[in-house]
Amino acid sequence: MKFLKKDKQNENIVGASAPENEAPVAEIVSENVQTVAEESLPEVPAVDSPEQVVKFSEAIAKIKSELAKDIVGMEDIIDNVLCAIIAGGNVLLEGVPGVGKTRLVRSLGKTLALPFSRIQFTPDLMPSDVTGTNIIEQDDKGKMNTVFRRGPIFANLVLADEINRATPKTQSAMLEVMQEHKVTVAKQTYPLSEPFFVLATENPIEQDGTYPLPEAQIDRFMFKLLVGFPSAEEIADIVNMTQKTMEETAESVIDGETILSMRELAKTVPVIDDVLKFTVHLVANTHPEVDGASNTAKKYIKFGASPRAAQALITCAKVRALMHGRYNVAYEDIKALAYPVLRHRIKINYAAISDKLSVDDIIKLVISETK
Amino acid sequence: MNSKFYKIKTTHLIGAVLGSICIGVAAGLAVTGIVLLALKLSAIAIAWGYYVIIAVGVAAVAGGVSFALLRPTDKSVAKRVDEDYGLSERVQTALEFKDASGAVVTMQREDADARVQSLSLKAPSVKKLWQYPLIFVIALAIALTAILIPARVADSADDVWVRPPTPFEILAMQELVQNVEDSSLEQDLKQPILDDLNGILEGLEQNELVSDVMPTIHVAMADIDRRVKAIATYGNFAQKFESHLLDDLANALKGGDVYLEYALSSYDLVKSFESNLISLLSVAVEPYVLSMREVYNDLDVTAISPLMRELINKMQAALDEIDGNPSDELYGVLTSFKTNLEELRGQITDGSADETHFQHTLDLMFNSFTDQLIDAIKTQSYDLAMGKFVVTRIKIIFGIPLDADEKDPDAGNKDDVPGSGDDEDNKGGGMGGGETIYGSDDMIYDPETGQYVTYGELLNKYFAIAQEYLGTDELTQEQKDMVTHYFEILFSGIKEAEN
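Worth saying up front: this structure is predicted, and the values here are computed from it rather than measured. (Residues numbered from 1 in each chain as written. Chains lettered and ligands numbered in written order. Predicted model: local features only at pLDDT ≥ 70, side-chain atom pairs only at ≥ 80, totals over all residues.)

Participant: An account of the overall build of chain B is needed here, citing residue identities and associated values.
Facilitator: The helix and strand tally for chain B stands at 19 helices and 4 strands. Here chain B holds 499 residues, and 31% of them are scored as buried. Restricting to contacts in chain B with at least 6 residues of sequence separation, those with at least 24 account for 70%. (Helix = DSSP H or I, 4+ residues; strand = E, 2+ residues; numbered from the N terminus. Buried ≥ 20, exposed ≤ 12 C-beta atoms within 10 Å, placed from the backbone. Contact = placed C-beta atoms within 7 Å.)

Participant: Got a sec to walk through the overall build of chain A? Specific residues and values, please.
Facilitator: Within chain A one finds 14 helices and 14 strands. Here chain A, with 371 residues, has 44% of them falling under the buried criterion. Considering only contacts in chain A between residues 6 or more positions apart, those separated by 24 or more positions represent 79%.

Participant: Go over the interface of chain B and chain A, please, and point to the residues and values.
Facilitator: Chain B puts 15 residues into the contact, and the matching count from chain A is 20 residues. Elements with a contribution of two residues or more to the side of chain B that touches chain A: helix H4 (90-96) and helix H5 (103-117) of chain B. When residues in the side of chain B that touches chain A are grouped by element, the largest group, 6 residues, is from H5(B). Along the lines of polarity and charge, the residues of the side of chain B that touches chain A split into 6 nonpolar, 5 polar and 4 charged. (Nonpolar A, V, L, I, M, F, W, Y, C, P; charged D, E, K, R; others polar.)

Participant: Mind laying out the nonpolar core, listing which residues take part and the relevant values?
Facilitator: Residues and elements named next belong to chain A. Among the nonpolar cores identified, the biggest contains 114 residues, and Val91, Leu313, Cys316 and Val341 are the most heavily contacted of them. When residues in this core are grouped by element, the largest group, 11 residues, is from helix H11 (residues 307-323). Setting aside residues no more than four positions away along its own chain, Val91 makes contact with Val81, Ala84, Leu199, Phe221, Met222, Phe223 and Leu225. (Core = buried A, V, L, I, M, F, W, Y, C linked by C-beta atoms within 7 Å.)

Participant: Go over the pairing of strand E4 (residues 451-454) of chain B with me, naming the residues and quoting the values.
Facilitator: Residue and element names in this part refer to chain B. Burial along E4 is one-sided: the residues Tyr452 and Thr454 are buried and none of Gln451 and Val453 is. Bridge count for strand E3 (residues 443-446) against E4 is 4 bridges, and the pairing is antiparallel. Bridge pairing in E4 places Met443 opposite Thr454. (Pairing = 2+ DSSP bridges.)

Participant: If you had to explain the packing of helix H16 (residues 329-350) of chain B against helix H17 (residues 358-398) of chain B to someone new, which residues and values would you point to?
Facilitator: Residue and element names in this part refer to chain B. Packing of H16 against H17 leaves a shortest axis separation of 9 Å and a crossing angle of 170°. Taken together, the axes of H16 and H17 lie roughly antiparallel to each other. Touching Glu329, Leu330, Val333, Phe337, Asn340 and Leu344 of H16 are Thr361, Met365, Phe369, Gln372, Leu373, Ala376, Ile377, Thr379 and Gln380, all from H17. Taken together, the residues of the contact of H16 with H17 sort by class into 9 nonpolar, 5 polar and 1 charged. (Axes fitted to C-alpha atoms, helices over the stretch in contact; angles between N-to-C directions. Parallel < 35°, antiparallel > 145°, perpendicular 65-115°, else oblique.)

Participant: Requested: an account of helix H15 (residues 301-322) of chain B, with residues and values cited.
Facilitator: Residues and elements named next belong to chain B. Along its 22 residues, H15 runs 31 Å from first to last C-alpha, staying within 8% of the 32 Å computed at 1.5 Å per residue. Buried residues of H15: Ile304, Leu311, Met315 and Ala318, and no others. Viewed along the axis of H15, the buried residues span an arc of 65°, placing them on a single side of the element. Residues of H15 that are exposed and point over 90 degrees away from its buried face: Thr302, Pro306, Asn313 and Asp320. Along its buried surface, H15 packs onto helix H11 (234-243) and H16. (Expected span 1.5 Å × (residues − 1). Arc of directions from axis to C-beta.)

In structure tokens form, the structure reads like this:
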């Protein structure tokens, strides 16, 4: 087992806490690609100060308070979505239509004061419908120019609704943007503004007219959250709330810069070796093919989670620790986050299905077997 | 970390020390108990000191290893504090990042510090503490079981004596005492032997097991053997004369070993041996004295003188080395013989010797020496024979293995004393109908009478009893034929041996 290196000087996990969307633009520009500075990155303020820690807690409380005006229940979903946003990851929401997924994202957009766009994925949706395309436009002088018309992906907060209804080609275009935080059209690269966050929804794959996301692409989502059906009391509250207006009433409480500073602050949360080892063992234990694999993995798992899972667990655990008023990562953070992080990265086999075990049941078993 | 943390650590250290002591003592008890149990079940006994060494050694090693494993470190204490007080790895993180800088890390340390400081220390977990006394109690139970369980008696030859004395043993011992009293042993030898034998008898009457008397029996045998050998000086004299090249004289003295040639395992044989001892010794001693005498035959006085002087000098040298006891009869005989030789040679030297009757004088002197020598050796040889008889009887009575030169009369040996078994008078006995049945002369113990009788007598007695049943209807014809055939085989075997 090879453990991740820890650089205590910077309190970072090398290779684990540098999200893919934070790669310097200069590094990904080839000589044939011209980089267009669409919007300059906001300057990151000094993050590691007691004041920032206090502000972090206040910001979380404010966001939750505003979201509560538009969203009924869904506390765990909101917590995990906020965790993913601050950690710099994307979230895949799975749930039947009408349970508030879109409303959650719209309300988040308002609360965070970030540009918001929604893409409804359909089988005939083309990649250019997502990323944008070059069009020929005549200027005042009558000269014909090629102009890049940005797609809906150019926003800070993107709702990819029913992503598994689009064809794999369009899904790939979307997921590539999620990975690289830039769009390349006709040899020109257009970086997206930070923070960039995609919240995708998908219908259960058992439904007709869906294209399941491939394992390699679904791995790009930091979390997969299951939005359950609300309880009777919650439905009643939803009905009452929407009788006055269907519009979201949440107000903007923080901006993008604050989110980026919160992200930087979270990176400084210390993680002890034992917790780090536990995390790595947990991910390794989902692999049936490795030496010393857990019994659960050998019996019920077809494919295990990728190393991105360990990265996501540690990154999000730091955020979760701060959200819970703690300044260190604990085992409980890892165990709590194991479900949203691992659930879409583990492929169970027929033995698990035969034994009527869900992915979450398998994760619970793996956690219990990890020391 | 603050003082509270180190207070907790001290508590853990004390717990580790006590736990290590408990484990060490328990391990010492348990291992020693297991070893003791194993050895007891294997009927192996070792000194208690070894058990003490094992116990102390194991306790030291186990205690040391336990302390090395249980010894609390800052990290282990931090982990325990986090677990015991639900601090979500705060203390471990503060300890691991104690030298790191940064606001979050600093706040983390302060947070952990404050939480540890505010802890109200719990009493040590009963769940974790009860295991040490339990281990100790289990080990103590093993040790006590090992101590209290009786040791298995070894499956050795000694087992045969773990039983009460039989009437035969007591009866045979009483008979042996009587034999010694009736014997011709010298009084100063007889009484100590009787004391030894009576000691065995008392032991048999006072103890429940023969095994308890065995030490007394072995001591008695060794004492008897030592005493009879102490009075037998002829062997020592023979050795000295042999070393001075007086071979004939040495061989004459070795005639005392005549008792070794016979199986004196019954008192009848001893008595028979005694009655024939003079003649036995005559055969063993006389030829060698005669050989000494023959050296001077047909020589004149002048020629005899240097030969006699050489003999005298050699005897003197040997006797000087012996430094014998004047009260020893054999020593007196030898000294007297040497003196007579010196006187005779003096007569030769001063010319007063009667040359005409000199050879006759020599004959008288050597004949007298022969008689005196046999008389002196006879007493020693008898004492040795009697001593050997007593020791052999004790061994036979109690079933102690005999030495190579000892013979059991029940084993059917034929080395009886000359004149005691081969004459017709001793062959067999009569049976019903006046028919003479031949029997062996071997002495055998008759359990019914407690007396030693010849094998033939006992066989006749048993056959007479068998004949009573053969004349009744209590046995089937087949059984009668079988019994008749059995005795026919026995009798025919004895007849063949006699023929």
